[in-house]
Amino acid sequence: MSPLATGEPSSRKAPSIVGKKVLQATFVIALIVAASIGGAFYFYRYGDKTTSDDKVIAAETKQILKIEVPTRLWPKLMVTRPDVMTMVVYTPYKESADPSCLAIACCLPEWAHDRGNRPNQVLQAALQQYFPQFETERWKDTETRDVQIRGQTEKVVVATSYRVEDHKEVRVVSIENVATDKGPIALYYQTPATSTADDDIEIMLKSMN
């Protein structure tokens, strides 16, 4: 006869609520750990890798593009974004010097095959991420020049703007896309609008031929 009918205590125990909560908590923790490991692996595989070794940066620059870097600039940072691009950045050696920069990005050919991927846009995004002090307002007095680069005629934009951070007037040079066997290249140069700024720009542009 059923224990309920006789009034005897049942030998079956109700499932432990505490036990269920422990299992649920263990499951949630396992998911969090798995997500953390997956995120760490993704970052290791696809996250930016950086170096400030000036010799490594200078050597990589030579591999990317033949160019005479303005004398007051020094290798500052190299950013390698797996499956996308490598960017080298030059800034003044002395931190107290008037801010200026030269940034060159070389994108992987397979990444550039997608028409929506533009070398100059990924360069600007990466430069803003690592060096936001070089962000500028809208350009003015924009001039598009035909310049010989690597034996080919390329479009180069030269303009005047103002830095957002300190509102100082600057001269900027932008090259959106130069095809090379290593992949498309984009370049951005910014320097204070001094009496020698345009001469420095001319020397740099001529050195790329």
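Residues numbered from 1 in each chain as written. Predicted model: local features only at pLDDT ≥ 70, side-chain atom pairs only at ≥ 80, totals over all residues. Heavy atoms only, no water.

### So, the overall build of the chain
Along the chain, the regular secondary structure elements total six helices and eight strands. The N-to-C order of helical and strand elements in the chain reads α-α-β-α-β-β-β-α-α-β-β-β-β-α. In the chain, buried positions account for 36% of the 209 residues. In the chain, the share of contacts with a sequence separation of at least 24, taken over all contacts with a separation of at least 6, comes to 55%. (Helix = DSSP H or I, 4+ residues; strand = E, 2+ residues; numbered from the N terminus. Buried < 20%, exposed > 50% of the residue type's maximum accessible area, 1.4 Å probe, protein only. Contact = heavy atoms within 4.5 Å.)

### Brief notes about the pattern of salt bridges
Under the counting rule described, the total for this entry stands at nine salt bridges. As a salt-bridge pair, arginine 150 and aspartate 181 come within 4.0 Å of each other at their nearest N and O atoms. With a gap of 31 residues between them, arginine 150 in the loop between strand 5 (140–149) and strand 6 (152–162) and aspartate 181 in the loop between strand 7 (169–178) and strand 8 (185–192) connect regions that are remote in the sequence. (Salt bridge = Lys/Arg side-chain N within 4 Å of Asp/Glu carboxyl O.)

### A short note on the environment of glutamate 60
Relative to the assigned elements, glutamate 60 resides in helix 3 (residues 54–64). By relative accessible area, which is 26% here, glutamate 60 ends up partly exposed. Between the C-alpha atoms of glutamate 60 and threonine 86, which are 26 residues apart in sequence, the distance is 9.0 Å. If sequence neighbours within four positions are ignored, glutamate 60 has contacts with Met78, Thr86 and Val88.

### What to know about the confidence of the model for the chain
When the pLDDT values of the chain are averaged, the result is 84; 77% of them are 70 or greater. The model gives residues 33–45 a pLDDT under 50, and that stretch makes five contacts with residues more than four places away or in other chains. (pLDDT = per-residue confidence, 0-100.)

### Details of the side chain of threonine 136
With respect to the secondary-structure elements, threonine 136 resides in the loop between helix 5 (119–130) and strand 5. Overall, the relative accessible area of 19% leaves threonine 136 in the buried class. At a separation of 3.2 Å, a polar atom in the side chain of threonine 136 contacts the side chain of tryptophan 139. In this view, threonine 136 contacts Ser161, Tyr162, Arg163, Val164, Val170, Tyr188 and Gln190; residues no more than four positions away in its chain are not counted. (Polar contact = N/O pair within 3.5 Å; in protein donor to acceptor, adjacent residues only side chain to side chain.)

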